[in-house]
Amino acid sequence: MLRYIALKVGRAVFVVWAAFTLTFVLLFVLPADPVDLLFDPAELNAIPPEVRRQVADNYGFNQPVLLQYLDRLGHALRGDFGESVQSGRPVTAAILDMLPSTLALASGALVLALLIAFAVAFVATSTRQEWLRNLLEALPSGAVSVPVFLSGILMLQVFSFRLGWFPAFGDQGASSLVLPLITLAIPVSGPIAQLLVRSFATEFRSGYVTTSWAKGATRGRIVAGDVFRNASLPALTIAGITFGNLIAGSVITETVFARKGLGRMTQTAINTLDVPLVQGIVVLVAVTFATINLVVDLIYPLLDPRLRATLAVPAPGPS
Amino acid sequence: MSDLRSAIENAGPGRRKWPWISAGVAVLLVVTGIAYAATRGGGAAPGAAGGGEPVRGGTLQFALIDYQRSPDPQWGTNYAESLIGNNITDKLTWQDPKTGEITPWLAESWEYNKDLTEFTFHLRKDVTFSDGARFDAAAVKANFDQYVRGDKALGVNPNGATLLPGYIETLTPDDFTAVVRFAKPLASFLQASAFTANAQPGFLSPATLRLSAKERTDPRKVIGTGPFVYESWQEQAKTVLVKRAGYNWSPPALGHKGEAYLDRVVFNTIPEASVRTGSLTSGTIDATLDVGTTDEKPLAAQGYKIIYRGVSGTAIFFNFNSQLFPTNDIAVRRAIQAGWDREAVRKTVLTDSYSVATSVLAPSVPGYVDYGGTILKFDPDKARRILDEAGWAPGADGIRVKDGKRLEVKLLGINNLVVNKPAYESIQQDLKKIGIDLQLTVVPIPDYTANQAKAKTDWNITAANRSRNDPAVLNLQYGPQLGNGAYVTRDSVGVDLDEVTQTLGRLELTLDPQTRKQYAKAAQDLLLDKYALVNPVYNPSQVIAHAPSVHGIIFDAQSRNHFVDAWKSNGK
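Not measured: the values here are computed from a predicted model.

A. Representation of the overall build of chain B in the model. Across its full length, chain B holds 17 helices and 26 strands. With the C-alpha coordinates of chain B rotated into their principal frame, the extents come out at 105 × 75 × 50 Å. Per-residue burial over chain B gives 52% buried out of 572 residues.

Put into structure tokens, the structure is as follows:
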């Protein structure tokens, strides 16, 4: 068991380090010079070399690349990612500033997406209407195919500009969170719903369900009592994918609804080659991603007795 | 699939079907209801105009595409930053947006030596920063010193080094006289003292100058003399300014007395075009910048006011690389100048807020000369003749060939303005008809910047523009020792390097309006006619749509907005 944990933790640490290193390499391989991006593009030819040097010096960009890498890595280990090239703010502070709004959006959307996914799976399994089941089973792929951008704009047109129920932009309390939540939850719910519908259907046909039927249980009771528990577990395995969807969706959602957040900050940071900021964000995302996968790996044996048994096999005690 | 489970279930009594039908009907009703509301509700007509006397008070909700990354106006390199910086800081002088004349602001008067290396400003004596500090010659010196040289210990960049090249020092012979000295003649400094675009010389309080770049990210510590002060700054979302109590020094040329009319201006960042216009028509915001060309007409039809000003400086230009094949051939450069249909671009791509370029300078720049009827006239026959005479013969695919090489012209452009790409594509089609294969690479700013580094050897044309309302912009952009936009060197065939250097350089040598006009004409003649180093395309504009109840938004000479004179009819 200890070996299992050590292996998983080691893998998580490696993922974070690799993400840090890879972004560093990518940003330096890119042909644009972050110093150039601080100037007007039409002005580039006219910047005196000493000015360019002074600016590069300000950010440590003129040191040998390896030294820069080690320096950044050393500071990053202590949670210091330096200052943003474009705004001069400490990266950690800038990220912490944006984190709450993105967290509220992402976690809210996740809860909503789960509710939608389970509702779809429940109804699709419990209903006896063929057409309704077919319709519901088609929904997940539909939800994934609708671009977040389009659904966001549509929702704004109807509920903000026409009906005036919700604010169109900014962060003004709970009401400004409603539309972004729905917009983001729809595509995120798609893969989860698809997985659940399938695993609900599989479980629904298994032997223990037939036994329950034979004992006289109603359809609703069987779905809620027997199928639900066994069929939900696989949803955990795609937690990583779900997280990825949330991040990707939040970039667009935050842009359409003009919300502040990590997604938009990432976009700007990449566009302006803001090396320290990009690295801070990538490391944060990698840490979260690795943690989620780690937690899933670690709690899976607790939820599934069969897996616990397999893990126990390599170290059987003498009788 | 007919398994045991289904058999058991189906053995039971069937259920009624009507709940499903009624549920279906209910869903249908809700959907129709929303659709009905969507088509009928909202879209209220904008409030009544009301003109006459300015009303005091109220909050102006303003929208724009960029956000302010740093509250420090001397640093700011995007539009939001310069726009907001203009409302919290003042400059030494104010350039009249109509005439280009430099008029007093924080400096009441000024003189300069004959060489144009020393500029003496006599300052107003009643100006204070919003932290109570006095604005005086020492403040001018402290600002310019740091603006040009930066401060390594504080992490402050030399933001003004490109605007004030050759800056030596500022002398302070008395409390309200500042003498700015340069190593070389710099006629354009007078205009630079009024400069309001990116990385502008707006004056910050001595207390602010002592803070590090990091500390200046707190807006409450960024102190200016302007008509507004920071109330709050939410990165990515919005910046809120409140009026400065006791402000009484707006540029005399504006005719505005005392404090700003508005209590508050909120700059909302809204990246999506449809959300900006939707927010305007639904009344959430009062005015928006960055109005798309396709939105102008519908908004005007709904009663919103469209105001605009051309971006001053150069037009959007195609700078020809004078030493790279095939634009090293003047015949190719001339053929491109004459070979595209201006009228088609005007009709299909531009709106009334934009104009087709008739010189490399925008019409608002002093010294502008109109070449619309001569060099820059669409004349495909002339273009064909020029190419024929130069030995470019039509090839099999219609593209001309000379010495076995196709007439391929590679263009590098930026897609930051929505009009750019369609305009370039229109030109591309026209040029194809006369046998020139214009290959477009129109990319976002970072990619442009990356490629620009290789422009000398890889690109025949770089397409961009430069914002500076002074004819010396031609020297900055094309001077072989400076921007060298056409990459003129000793290797450029048929181009006299020294002549280009001198003709453009003279623009920095005089401030006499008549002489400067002559120099400006000579510079444009050289760039457009004699050496055909540039093909100007169109003059971009800053376009604002606002509710009729909003008045007095000013476009300055750099097309940035000032809100000191703005007011709302309802005062709310």
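Next comes the rest of the description.
B. Spatial organisation of the overall build of chain A. Secondary structure assignment for chain A yields 13 helices and zero strands. Reading chain A from its N terminus to its C terminus gives the helix and strand order α-α-α-α-α-α-α-α-α-α-α-α-α. Whereas a compact globule of 319 residues would reach a radius of gyration of roughly 20 Å, chain A reaches 25 Å, over 25% beyond that. With the principal axes as the frame, chain A shows a C-alpha extent of 85 × 70 × 30 Å. Expressed as a percentage of the 319 residues in chain A, the buried residues total 39%. In chain A, 74% of the contacts between residues at least 6 apart in sequence involve partners at least 24 apart.

C. Quick peek at the sheet that holds strand β15 (residues 393-394) of chain B. Within the open sheet, the three strands sit side by side as β15-β16-β17 (chain B). Their pairing is antiparallel. Looking along the sheet, the strands with just one partner apiece sit at the ends: β15 and β17 (405-406) of chain B.

D. Region of the structure containing the interface of chain B and chain A. Contact with chain B, which involves 59 residues of that partner, is made by 55 residues of chain A. Secondary structure elements with two or more residues in the side of chain B that touches chain A: α1 (4-11), α2 (18-40), β10 (264-269), α7 (273-281), α13 (445-452) and α15 (473-478) of chain B. Sorting elements by how many residues they give to the side of chain B that touches chain A places α13(B) first, with six residues.

E. A look at the sheet that holds strand β22 (residues 541-546) of chain B. Read across the sheet, seven strands follow the order β8-β9-β10-β1-β11-β22-β12 (chain B) without closing on themselves; strand pairing throughout is mixed. Each edge of the open sheet carries a strand with a single partner, namely β8 (228-234) and β12 (305-310) of chain B.

F. Molecular detail of the packing of helix α7 (residues 175-204) of chain A against helix α9 (residues 219-237) of chain A. All names here are of chain A. It is at 9 Å that the axes of α7 and α9 come closest, and there the two elements cross at 140°. It follows that α7 is oblique to α9 by the angle criterion. The two elements α7 and α9 meet at a crossing, and its hand is right-handed. In this structure, α7 uses Ile192, Leu195, Leu196, Ser199, Phe200, Glu203 and Phe204 to contact α9, whose residues at the interface are Val227, Asn230, Ala231, Pro234 and Ala235. Residue composition of the contact of α7 with α9, grouped by class: nine nonpolar, two polar and one charged.

G. Up close: the nonpolar core. A:Ala109, B:Leu527 and B:Tyr538 are the most contacted members of the largest nonpolar core, which totals 228 residues. The contact partners of B:Leu527, leaving out residues within four places of it in the chain, are B:Val360, B:Leu474, B:Tyr478, B:Leu533 and B:Val534.

H. Helix α3 (residues 65-77) of chain A, seen in detail. With 13 residues, α3(A) ought to run about 18 Å at 1.5 Å a step, and its terminal C-alpha atoms sit 18 Å apart, in line with that. Backbone geometry just downstream of α3(A) places A:Gly79 in the positive-phi region, at approximately 80°.

I. Spatial organisation of unusual backbone geometry. All names here are of chain B. In this chain, Phe325 is followed by Pro326 through a cis amide linkage whose omega measures 0°. Counting through the fold element by element, Pro326 comes out in the loop between β13 (316-320) and α9 (330-338). Unlike most non-glycine residues, Asn484 shows phi in positive territory, near 45°. Relative to the helices and strands, Asn484 is located in the loop between α15 and α16 (497-505). Judged by the 19 C-beta atoms lying within 10 Å of it, Asn484 falls in the partly exposed class.

J. Structural view of the environment of B:His562. All names here are of chain B. If you trace the backbone, His562 turns up in strand β25 (residues 561-562). Given 24 C-beta atoms within a 10 Å radius, His562 is considered buried. Sequence spacing of His562 and Thr89 is 473 residues, and the spatial spacing of their C-alpha atoms is 11 Å. Setting aside its immediate chain neighbours within four residues, His562 contacts Asn86, Asn87, Ile554 and Asp556.

K. Representation of the environment of A:Asn293 within the structure. Residues and elements named next belong to chain A. Note on placement: Asn293 falls in helix α12 (residues 275-303). When the C-alpha positions of Asn293 and Ile238 are compared, they lie 9.3 Å apart, and in sequence the two are 55 residues distant. Residues contacting Asn293, with those up to four places away along its chain left out, are Ala12 and Gly240.

L. Region of interest: the environment of A:Pro276. All names here are of chain A. In this structure, Pro276 sits in helix α12. Through-space distance from the C-alpha of Pro276 to that of Phe81 is 5.9 Å; in sequence the pair is 195 residues apart. Contact partners of Pro276, with chain neighbours within four places excluded, come to Phe81, Gly82, Glu83, Ser84, Val85 and Val91.

M. The pairing of strand β9 (residues 238-243) of chain B, seen in detail. Residues and elements named next belong to chain B. Bridge count between β8 and β9: six bridges; the pairing is antiparallel. Counted as the bridge partner of Ser232 is Val240 from β9. Judged from the five bridges that link them, β9 and β10 form a sheet pairing that is antiparallel. Following the sheet pairing, Lys238 is matched in β10 by Asn268.

N. Just the packing of helix α4 (residues 91-126) of chain A against helix α5 (residues 130-145) of chain A, in detail. All names here are of chain A. Packing of α4 against α5 leaves a shortest axis separation of 9 Å and a crossing angle of 155°. Between α4 and α5, the angle is such that the two are roughly antiparallel. Every pair of crossing elements has a handedness; the one defined by α4 and α5 is left-handed. Residues Val120, Val123 and Ala124 of α4 form the contact with α5, whose own contacting residues are Arg133, Leu136, Glu137, Leu139 and Pro140. Taken together, the residues that form the contact of α4 with α5 break down as six nonpolar, no polar and two charged.

O. Quick look at α4(A). When the terminal C-alpha atoms of α4(A) are compared, their 50 Å separation across 36 residues agrees well with the 52 Å that a helix rising 1.5 Å per residue should span. Taking the largest bend as the criterion, α4(A) deviates by roughly 35°, centred on A:Leu99, and proline A:Pro100 comes between one and four positions later.

P. Seen up close, the confidence of the model for chain B. All names here are of chain B. Confidence in the prediction of chain B, expressed as mean pLDDT, is 89, and 91% of residues score 70 or more. The secondary structure element of chain B with the lowest average pLDDT is α2, at 61, and the one with the highest is strand β5 (residues 118-123), at 97. Here residues 40-44 is a poorly scored stretch, pLDDT under 50, and it has nine contacts once near neighbours within four places are set aside; other chains count. Quick note on the complex model: pTM equals 0.85, ipTM equals 0.80.

Q. Up close: the confidence of the model for chain A. Looking at chain A, pLDDT values average 82 and 97% of them are 70 or higher. Every residue in residues 315-319 of chain A is under pLDDT 50, and counting partners more than four places away or in other chains gives zero contacts.

R. Region of the structure containing the pairing of β22(B). Residues and elements named next belong to chain B. Along β22, six of the six residues are buried, which leaves the element largely enclosed by surrounding structure. Both faces of β22 are covered, namely the face carrying Ser541, Val543 and Ala545 and the face carrying Gln542, Ile544 and His546. Bridge count between β12 and β22: six bridges; the pairing is antiparallel. Looking at the pairing, Lys305 lines up with His546 of β22.

Calculation criteria
- Residues numbered from 1 in each chain as written.
- Chains lettered and ligands numbered in written order.
- Predicted model: local features only at pLDDT ≥ 70, side-chain atom pairs only at ≥ 80, totals over all residues.
- Helix = DSSP H or I, 4+ residues; strand = E, 2+ residues; numbered from the N terminus.
- Buried ≥ 20, exposed ≤ 12 C-beta atoms within 10 Å, placed from the backbone.
- Rg over C-alpha atoms; globule rule 2.2 N^0.38 Å.
- Contact = placed C-beta atoms within 7 Å.
- Pairing = 2+ DSSP bridges.
- Axes fitted to C-alpha atoms, helices over the stretch in contact; angles between N-to-C directions.
- Parallel < 35°, antiparallel > 145°, perpendicular 65-115°, else oblique.
- Left-handed = near helix turned anticlockwise from the far one by under 90°.
- Nonpolar A, V, L, I, M, F, W, Y, C, P; charged D, E, K, R; others polar.
- Core = buried A, V, L, I, M, F, W, Y, C linked by C-beta atoms within 7 Å.
- Expected span 1.5 Å × (residues − 1).
- Bend = angle between axes of the 7 residues up to and from the residue.
- pLDDT = per-residue confidence, 0-100.

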